[in-house]
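# Residue-level structure breakdown
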Amino acid sequence: MTDAAPAPEPDGEARFHAFRRAEDLVERRRPLDALKALEPLLDEQDKPSVQLLAGRAYFHSAQLRRAERAFTRVLELDPTDHYARFVLGRTLQRLGRFAEALAQLRMASAMNPVPEYLEAISEVNARITLGDS
């Protein structure tokens, strides 16, 4: 009986291609396939780009707690990432945590006041006003 050798770590080029493939799959709305492609990279807790992409895939596959953790990790590494704040806000909104969502969306909008961020703030404000919180 022989011990199986551990799978070799993917080299830099393989990691790059895995990331790009996962990115493409997220764009094509295939989040579960994207997560499978990202698997060799998910151990990279200190890479905001990997965490952000994983968070997007988790979000689009309704794995909202995992999405929240990934986006929070991005913000721990880079608190100025307005897009990570925006998608964290959207994640919190889907979780029904409207006050927390509003705080993240307001910060994202203050950093980069694009219409999409402002619309999200309006949506969450409406939910709060209607008493959905």
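Structure's up top.
Residues numbered from 1 in each chain as written. Predicted model: local features only at pLDDT ≥ 70, side-chain atom pairs only at ≥ 80, totals over all residues. Heavy atoms only, no water.

## Section: the pattern of salt bridges
Counted by the stated rule, this structure contains 10 salt bridges. We note a salt bridge from Asp33 to Arg30, for which the minimum N-O separation is 2.7 Å. The network of salt bridges with shared partners includes Asp46, Arg73 and Glu76. (Salt bridge = Lys/Arg side-chain N within 4 Å of Asp/Glu carboxyl O.)

## Topic: unusual backbone geometry
A positive phi angle is found at Arg29, which is not glycine, with a value near 60°. Within the secondary structure layout, Arg29 lies in the loop between helix H1 (12-27) and helix H2 (31-38). Taking the relative accessible area as the measure of exposure, Arg29 reaches 57% and is therefore exposed. Of note, Ala62 is a non-glycine position whose phi angle comes to about 60°, a positive value. Following the sequence through the fold, Ala62 ends up in the loop between helix H3 (48-60) and helix H4 (64-77). A relative accessible area of 49% places Ala62 in the partly exposed class. (Helix = DSSP H or I, 4+ residues; strand = E, 2+ residues; numbered from the N terminus. Buried < 20%, exposed > 50% of the residue type's maximum accessible area, 1.4 Å probe, protein only.)

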